[in-house]
Amino acid sequence: MRIAEQIDEDSYGALRRAGFRLLLEKGRPITIQEWADAAGVPDETVVTLIDDQPGRVELDAEKCLVGLAGLSVTPGRHELQIEDQVRWTWCALDAVGIMGALGASGAIRSTDPHTGDLIEISVTGGQLEGNAAIFIANAYGGNVRQAWCPLVNLFTSQTSAEAWAADNDTDGDIFGVADISENSAELWRPLIDPPDFS
């Protein structure tokens, strides 16, 4: 039986919002019990979500939540500095969208996979600055973290992104990060009530 048949859409949405918010605010692994309590659902509902969403929920060795909807509390290639807190994301689109949706100030840090150059994008009130480019791969299947996220990266320039895509025989679209920021933010806004980082 699929998740849509077992738990209603309100419970599913509550779980995603609660898990995302806990990772943002706590910055550490979240137990299944904490997650269930924050969402107001039984533990079994959390387990059903995890089982039915391969690649969309990340757990650590202790079966605690460490990543959800692209946001992670374990170090990765794409780093977010949100005010004075640090989090990571599974792919570059996650980083751009989450910072925009939060309306936060800080920075996105990553590495251009073609040149190896460090990239730092300043963010003020959710608005991204600079000339970095983002490559967004076309269709994917299966586990989103394994199959799609490695193909969605930040680059120092459009030229670098084009060269990397050609070298890797990967189809997709290239955008300036400032140009795609608002549209990306819309994807994450349903998950976010502005968290308190004080």
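Since the structure is predicted, the reported quantities are computational estimates derived from the model, not experimental observations.

## Thoughts on the pairing of strand β2 (residues 65–68)
Successive residues of a regular strand alternate their side chains across the two faces of the sheet.
Thought 1: Here three bridges tie strand β1 (residues 57–59) to β2, and the two strands are oriented antiparallel to one another. When the bridges of β2 are listed, L59 appears paired with L65.
Thought 2: Between β1 and β2, which pair antiparallel one after the other, the connecting turn spans five residues, and K63 there sits at a positive phi close to 65°.
Thought 3: Here β2 folds back onto strand β3 (residues 71–72) in antiparallel fashion, the turn holding two residues, of which A69 has a positive phi close to 55°.

## Thoughts on the nonpolar core
Thought 1: Counting 63 residues, the largest nonpolar core has F20, W35, I108, I134, W148, L154 and W188 as the members making the most contacts within it.
Thought 2: Ignoring sequence-local partners within four residues, the contact set of W35 consists of L15, A18, G19, L22, I30, V46, L49, I50, V57, L65 and L68.

## Some remarks on the confidence of the model for the protein
Thought 1: When pLDDT is averaged along the protein, the result is 88, and 89% of the positions lie at 70 or above.
Thought 2: Per-element confidence in the protein is highest for strand β10 (residues 153–155), whose mean pLDDT is 98, and lowest for helix α1 (residues 3–6), whose mean pLDDT is 43.
Thought 3: For residues 1–6, every residue scores under 50 in pLDDT, and the model assigns this stretch eight contacts once sequence neighbours within four places are set aside.

## Focus on the sheet that holds strand β11 (residues 172–176)
Thought 1: In space, the three strands of this open sheet follow the order β10-β9-β11, with antiparallel pairing throughout. Of all strands in the sheet, those with a lone pairing partner are β10 and β11, marking the two edges. Ignoring which end each strand starts from, the neighbouring axes of this sheet average 25° apart.
Thought 2: Here strand β9 (residues 133–137) runs beside β11; their pairing, made up of five bridges, is antiparallel. Opposite A133, over in β11, you have G176 as the bridge partner.
Thought 3: Seen against the sheet, helix α7 (residues 158–167) touches β9, β10 and β11 and runs at an angle of roughly 130° to β10.

Basis of the calculations
- Residues numbered from 1 in each chain as written.
- Predicted model: local features only at pLDDT ≥ 70, side-chain atom pairs only at ≥ 80, totals over all residues.
- Heavy atoms only, no water.
- Pairing = 2+ DSSP bridges.
- Helix = DSSP H or I, 4+ residues; strand = E, 2+ residues; numbered from the N terminus.
- Core = buried A, V, L, I, M, F, W, Y, C linked by side-chain atoms within 4.5 Å.
- Buried < 20%, exposed > 50% of the residue type's maximum accessible area, 1.4 Å probe, protein only.
- Contact = heavy atoms within 4.5 Å.
- pLDDT = per-residue confidence, 0-100.
- Axes fitted to C-alpha atoms, helices over the stretch in contact; angles between N-to-C directions.

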